[in-house]
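Results of the structural survey
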Amino acid sequence: MTKYATNGLVIYEGPSLLDGEPIVVVVTGLNKSSSNGKTGDMLQSWILRQDMDPREANKTGADFSICGNCRHRGIAHAEPDKALAKERTCYVLLYQAPLNVWTTWGKGRYAKAADVNAIARAGAGRKVRLGSYGDPAAVPAYVWDALLSDAEGHTGYSHQQSVAGSSFNAAWLMVSADTLEDAEAAWSKGQRTFRVIKSMSAVVKGKEILCPASKEAGYKTSCDKCGLCAGASIAAKSIAIVAHGNGAKYA
């Protein structure tokens, strides 16, 4: 594995495919493994607005550039006493990794991939998590094609399967289904889904299985070892996971 001067690498700076606004993609975990117990040792990828703190982007609705029409973004507003969008249910804690990555990038502390070959080297021999924050479909496909070209596997999720101009590709992304109806629509197209459910009884037999890395499945494995959330690139049933707490989405 190539040793890097920093633990992160910029693999894209340019317009979002969702609205043309400036975004940046940074991969982290180049030199050390992730501390995320569920995902395990995976290369993480962060999709962020270039021009604003991720919390501000969320609060104002500017995070459409990176999250598109995901309903878990919450409701934008201009109230000064609130740091994030109202009713936000996304599981990602913006003041942690996304803010740290954005701040570090802003200080110019990450190296930049010179070309697609450099992106490919970063992913070589690694398991890759597409969109640790942000929707991969906001990013040109060539970026992910390069990152995954020599990777050992990946996970990826998207809400943008019906958004014109996005790089959504069911071959490497799971459809993030918010309802059973969403899931059934995706299944009818041969797409695989990742769905948050209220209880184990909601799993659709013959179509879905519980996330093997979840509490309800007994923490049988971690995402890096499982590899089932790889879209239609593998032949497997869709994945469901039971919501905890406020019903935050998991992917």
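To be clear, the structure that these remarks concern was listed above.
Residues numbered from 1 in each chain as written. Predicted model: local features only at pLDDT ≥ 70, side-chain atom pairs only at ≥ 80, totals over all residues. Heavy atoms only, no water.

1. Description of the overall build of the protein
For clarity, the threshold we go by: A run of DSSP states H or I qualifies as a helix once it reaches four residues; a run of E qualifies as a strand once it reaches two. Both are numbered from the N-terminal end. Values of the radius of gyration come from C-alpha atoms, whereas the globule rule sets the reference at 2.2 Å times the count of residues to the power 0.38. Working definition: with a 1.4 Å probe on protein chains only, accessible area under 20% of the residue-type maximum means buried, over 50% means exposed, and in between means partly exposed.
When its secondary structure is counted, the protein shows 7 helices and 10 strands. Computed over its C-alpha atoms, the radius of gyration of the protein comes to 17 Å, within 12% of the 18 Å expected for a compact globule of 251 residues. Each of the three principal axes of the protein carries a C-alpha extent, and together these read 50 × 45 × 35 Å. Within the protein, the proportion of its 251 residues that are buried is 52%.

2. Here's the deal with the side chain of threonine 155
Condition: Only heavy atoms enter the contact rule, under which two residues are in contact if any of them lie within 4.5 Å.
Along the chain, threonine 155 falls in strand E6 (residues 153-158). Here threonine 155 is in contact with Met42, Val128, Arg129, Leu130 and Cys229, once residues within four sequence places are set aside.

3. Focus: the sheet that holds E6
Put simply, the test is: Pairing between strands is defined by DSSP: at least two bridges between them are needed. A fitted line through C-alpha atoms serves as each axis, taken over the contacting stretch for helices, and the angle formed by two N-to-C directions is quoted from 0 to 180°.
Reading across the sheet, the 10 strands line up as E4-E1-E2-E3-E5-E6-E7-E8-E10-E9 and stay open at both edges, with mixed pairing between neighbours. Every interior strand has two partners, whereas the edge strands, strand E4 (111-112) and strand E9 (208-210), have only one. Of the strand pairs in this sheet, strand E1 (residues 8-15) and strand E2 (residues 22-28) are connected by 7 bridges, and their pairing is antiparallel. Bridge pairing links tyrosine 12 to valine 25 in E2. Along the sheet, helix H6 (residues 180-187) contacts strand E7 (174-177), strand E8 (193-197), E9 and strand E10 (238-242); its crossing angle with E8, the most-contacted strand, is approximately 165°.

4. Notes on the nonpolar core
Selection criterion: Here, nonpolar core means buried Ala, Val, Leu, Ile, Met, Phe, Trp, Tyr and Cys residues that are tied together by side-chain atoms lying within 4.5 Å of each other.
Counting 46 residues, the largest nonpolar core has Ile11, Leu130, Tyr133, Val139, Trp144 and Leu147 as the members making the most contacts within it. Every element with two or more residues in this core is listed here: E1, E2, strand E3 (43-49), helix H2 (64-67), helix H3 (97-106), helix H4 (116-123), strand E5 (127-133) and helix H5 (141-148). Sequence-distant contacts of valine 139, defined by excluding residues within four places in its chain, comprise Tyr12, Leu17, Ile23, Val25, Ile47, Trp144 and Ser167.

5. Regarding H3
Taken together, the buried positions of H3 are occupied by Pro98, Leu99, Val101, Trp102, Thr104 and Trp105. Two residues or fewer past H3, glycine 108 is found with a positive phi of approximately 70°.

6. Structural notes on the pattern of salt bridges
Note the following rule: The working definition used for a salt bridge is a side-chain nitrogen of Lys or Arg within 4 Å of a carboxyl oxygen of Asp or Glu.
Within the structure shown, the criterion is met by 9 salt bridges. Aspartate 63 serves as the salt-bridge partner of arginine 73, at 2.9 Å between the closest nitrogen and oxygen. One end of the pair, arginine 73, is in the loop between H2 and H3; the other, aspartate 63, is in the loop between helix H1 (54-60) and H2, with 10 residues separating them in the sequence. Residues arginine 195 and glutamate 208 are paired through a salt bridge, measuring 2.8 Å at the closest nitrogen-oxygen approach. Linking arginine 195 in strand E8 with glutamate 208 in strand E9, this pair joins segments that are 13 residues apart in sequence. Each member of the pair arginine 195 and glutamate 208 is classed as buried. One network of salt bridges, in which partners are shared, links Glu21, Arg49 and Asp51.

7. Remarks on H4
Using the following cut-off: Pairs of N or O atoms within 3.5 Å make up the polar contacts considered here, provided that, within protein, one atom can donate a hydrogen while the other can accept it, and that residues adjacent in sequence are counted only when both atoms are side-chain atoms.
Turning to H4, its buried residues number three or more, namely Ala118, Ile119, Ala120, Ala122 and Gly123. Residues of H4 that are buried in the fold lie against E1, E3 and H5. You can read the cap of H4 off the contacts: a side-chain oxygen lies 3.1 Å from the backbone nitrogen of asparagine 117, and it is on aspartate 115. Of the residues one or two after H4, glycine 125 is the one with positive phi, at around 75°.

8. Section: unusual backbone geometry
Even without glycine at this site, glutamate 87 takes up a positive phi of about 60°. Turning to its location among the elements, glutamate 87 is positioned in the loop between H2 and H3. Its relative accessible area of 64% is what places glutamate 87 among the exposed residues. The backbone of tyrosine 219 shows a phi angle near 45°, a positive value even though the residue is not glycine.

9. Some remarks on the pairing of E2
A regular strand carries its side chains on alternate faces of the sheet. Counting buried residues along E2, 6 of its 7 residues qualify, which places the element largely inside the surrounding structure. For E2 and E3, the ladder comprises 6 bridges, and the chain directions are antiparallel. Among the inter-strand pairings, threonine 28 is bridged to a residue of E3, identified as glutamine 44.

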